[in-house]
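Given next are the chains, with one letter for each unit.
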Amino acid sequence: MNIKKQIRNLYFYEVFCGLQVVDVVWVFFLIQRGFSLAQVGIAEGVFHAVSMCCEIPSGMISDTIGRRKTLILSGLVSAGASLLMIVSDYFGLILCAMGLNALSYNLMSGTREALTYDSLLQEGKEGEYLKISSRQEAIYQGLNAVTSLLSVVTVALGYRIAYSLSAVQGLLCAKAAGNLTEARINGKLPGQKLSLYGIAKGMKEHFCAAFCFLRENAKVRDNMLLSGLLSSGSYLVFMFMQEHAVDCGLAPGFIGFPLLFLSGCMMVGAFLAGKTGGFSMLPLLFAAGIGTGLFIALSGNSSLLGAVAAAGMAQLFTELAVVRLGNENQKVFSSAHRATMVSVESMVYSIFMAVLSPAAGAVGRYAGLPAGFAALGVFTGLAAAGLVLKKRRDCM
């Protein structure tokens, strides 16, 4: 394998994946087309339900048929979901499109990380994974920031053109994935001489192996819990800040600018994570966990600048911890089950989202958004500190 070419192609893949032109405005488009807020909520619920149900099976598929094929499939499914959003105003088809979009994310989640690590492992350069993965995350978050800033332009184009561009983006992701080289696992290329029986048998074996691995590795379980906790808390800040910024006096038409700043902070955090290889793990995680919780709580500030700055720092600390945690987990994952294990990590995040999102939303609705930020921040900071202290006790 030409590892330099492979890494370059992986970066190009992140470029196309980061151009999510409708992710920021899909709610606006549905309401513009005449759907109610209740229907929007149902659509969001379908997305998360499919995501939770398909997260681990999609990782097993990736480990069974190969990572390159899975990433190609992800792009094609994404393009199909975007086209389905255009062809009809029937709500049932809209829900099918949301489900396909979730499946596309599931197929990509865990697969790109597994292909990156195993490509480096094949060439004896797995020690560079932290640096490479932090750059990948920085590219993805940076382009997400650009698309957030361009949300006004996306709205002006209308949903038909916007989703047509999204379909093209999915096809470009598939094409970029096709340029990648499949990494060997234990000396063999995955996905050779496939059959439906072979795929089903392989998925069963992956499920049993993943269950046994997690049962025996408390360190990995704690890492997954901490990553899911911090990621869900920070994403809820990203969501609630859109409303809070308007409450603080920002004109709705300029909401893209604070979102751009938050995405920029994620990019900086991911980049800095690549520089932390020489730092001790536990003190770094403890500081990042407390910092994330503190700045989430401060995001309810009545000052627009203060609130956005605090939310940005929460994103930065989260990315710093999550990228480092992902690197530590990759070191102990088996190549044969790598995508499955990363998918388990993503499912932990989805479970945290399913619990924290309605809880924080309820506090914000009845006591005000500042109280919602405060409660979420206190819980995130204390829970993160507790998990890090547990890790320290287990290491003694």
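Because the structure is a prediction, the values reported are computed rather than measured.

Draft legend 1. Looking closely at the overall build of the protein chain. A tally of helices and strands in the protein chain yields 16 helices and 0 strands. Over its C-alpha trace the protein chain gives a radius of gyration of 20 Å, about what one expects of a compact globule, namely 21 Å for 396 residues. With respect to the three principal axes, the spread of C-alpha positions in the protein chain is 60 × 55 × 35 Å. Long-range pairs, those at least 24 residues apart, make up 86% of the contacts in the protein chain between residues at least 6 apart in sequence. For the protein chain, the accessible surface area stands at approximately 17,200 Å², while carbon and sulfur atoms represent 69% of it. Counting 30 positive and 22 negative side-chain charges, the protein chain places the averaged centre of each group 7 Å from the other.

Draft legend 2. Representation of the packing of helix α7 (residues 129–149) against helix α12 (residues 256–273) within the structure. Interaxial distance between α7 and α12 falls to 7 Å at its minimum, and their mutual angle equals 175 degrees. The orientation of α7 relative to α12 falls into the category roughly antiparallel. Each of L130, S134, E137, A138, Q141, G142, N144, A145, V146, S148 and L149 in α7 lies in contact with α12, whose residues at this interface are G256, F257, L259, L260, S263, G264, M266, M267, A270, F271 and A273. Partitioning the contact of α7 with α12 into residue classes produces 13 nonpolar, 8 polar and 1 charged.

Draft legend 3. Structural detail: empty space enclosed by the protein. On inspection of all chains with the given rule, the structure shows 1 cavity of 30 Å³ or more. When its volume is computed, the largest cavity comes out at roughly 110 Å³. Mapped by element, the contributors of at least two residues to the lining of the largest cavity are α1 (3–18), α4 (67–87), α5 (91–108) and α9 (159–178). For the lining of the largest cavity, the leading source of residues is α5, giving 4 residues. Of the residues belonging to the lining of the largest cavity, the class tally is 5 nonpolar, 8 polar and no charged.

Draft legend 4. Region of interest: the environment of L298. Counting through the fold element by element, L298 comes out in helix α13 (residues 281–298). Assessed through its relative accessible area of 41%, L298 is described here as partly exposed. Once you skip the residues sitting within four places of it in the chain, L298 turns out to touch A307 and A310.

Draft legend 5. Region of interest: the pattern of salt bridges. Across all of its chains, the model carries 6 salt bridges by this definition. As a salt-bridge pair, D89 and R33 come within 2.7 Å of each other at their nearest N and O atoms. Linking D89 in the loop between α4 and α5 with R33 in the loop between α2 (26–32) and α3 (37–65), this pair joins segments that are 56 residues apart in sequence. Looking at D89, the relative accessible area reads 48%, which means it is partly exposed. E328 is the salt-bridge partner of K331, the closest N and O atoms lying 3.3 Å from each other. Owing to a relative accessible area of 13%, E328 belongs among the buried residues under this scheme.

Draft legend 6. Fine view of α5. Taking 1.5 Å of rise per residue, the 18 residues of α5 would be expected to cover 26 Å, and the 26 Å separating its terminal C-alpha atoms lies within 8% of that figure. When α5 is considered as a whole, its buried residues turn out to be F91, I94, A97, M98, G99, A102, S104, N106, L107 and M108. Remark: G110 follows α5 within two positions and exhibits a positive phi of approximately 90 degrees.

Draft legend 7. Just the side chain of T70, in detail. By secondary structure assignment, the location of T70 is in helix α4. The residues touching T70, leaving out its near neighbours within four places in the chain, are I61, S62, I65, L107 and T111.

Draft legend 8. Examining the packing of α4 against α5 more closely. Between α4 and α5, whose axes approach to 8 Å, the crossing angle comes to 160 degrees. It follows that α4 is roughly antiparallel to α5 by the angle criterion. For α4 against α5, the interelement crossing comes out left-handed. Two secondary-structure elements touch here, α4 through T70, L71, L73, S74, V77, S78, A81, L84 and M85 and α5 through L93, I94, C96, A97, M98, L100, N101, L103, S104, L107 and M108. Each residue belonging to the contact of α4 with α5 can be placed in one class, and the counts come to 15 nonpolar, 5 polar and no charged.

Draft legend 9. Layout of the nonpolar core. With 47 residues, the main nonpolar core has L214, M224, L226, M241, L285, F333 and M341 as its most contacted residues. Elements with a contribution of two residues or more to this core: α3, α10 (196–216), α11 (218–247), α12, α13, α14 (304–330), α15 (338–367) and α16 (369–395). Discounting chain neighbours no more than four positions away, the residues touching M341 are A210, F213, L214, M224 and F333. Residues V40, M85, Y159 and Y163 belong to the second largest nonpolar core, which totals 20 residues.

Draft legend 10. Main features of the side chain of T116. Positionally, T116 belongs in helix α6 (residues 111–122). Of note is the side chain of T116, whose polar atom sits 3.1 Å from the side chain of Q136. Excluding residues within four positions of it along the chain, T116 makes contact with L10, Y129, I132 and Q136.

Draft legend 11. Seen up close, a nonpolar patch on the surface. A cluster of nonpolar residues, V146, L149, L150, V153, L157, I161, L165, F254 and F257, forms a patch on the protein surface that exposes about 780 Å² of accessible area. Listed by contribution, the elements that provide at least two residues to the nonpolar patch are α7, α8 (151–157) and α9. Mapped onto the elements, F257 comes out in helix α12. Residue F257 is classed as partly exposed on the basis of its relative accessible area of 48%.

Reading the values: the criteria
- Residues numbered from 1 in each chain as written.
- Predicted model: local features only at pLDDT ≥ 70, side-chain atom pairs only at ≥ 80, totals over all residues.
- Heavy atoms only, no water.
- Helix = DSSP H or I, 4+ residues; strand = E, 2+ residues; numbered from the N terminus.
- Rg over C-alpha atoms; globule rule 2.2 N^0.38 Å.
- Contact = heavy atoms within 4.5 Å.
- Areas by Shrake-Rupley, 256 points an atom, 1.4 Å probe, with all protein chains shown as cover.
- Lys, Arg positive; Asp, Glu negative; His and termini not counted.
- Charge placed at Lys NZ, Arg CZ, Asp CG, Glu CD.
- Axes fitted to C-alpha atoms, helices over the stretch in contact; angles between N-to-C directions.
- Parallel < 35°, antiparallel > 145°, perpendicular 65-115°, else oblique.
- Nonpolar A, V, L, I, M, F, W, Y, C, P; charged D, E, K, R; others polar.
- 1 Å grid on protein atoms, 1.4 Å probe; cavity = no way out; pocket = protein on both sides within 12 Å on 5 of 7 lines; lining within 4 Å.
- Points joined across faces, edges and corners; volume = space filled by probe spheres on them.
- Buried < 20%, exposed > 50% of the residue type's maximum accessible area, 1.4 Å probe, protein only.
- Salt bridge = Lys/Arg side-chain N within 4 Å of Asp/Glu carboxyl O.
- Expected span 1.5 Å × (residues − 1).
- Left-handed = near helix turned anticlockwise from the far one by under 90°.
- Core = buried A, V, L, I, M, F, W, Y, C linked by side-chain atoms within 4.5 Å.
- Polar contact = N/O pair within 3.5 Å; in protein donor to acceptor, adjacent residues only side chain to side chain.
- Patch = residues over 30% accessible without salt bridge, like charges linked within 9 Å, V, L, I, M, F, W, Y side chains within 5 Å.

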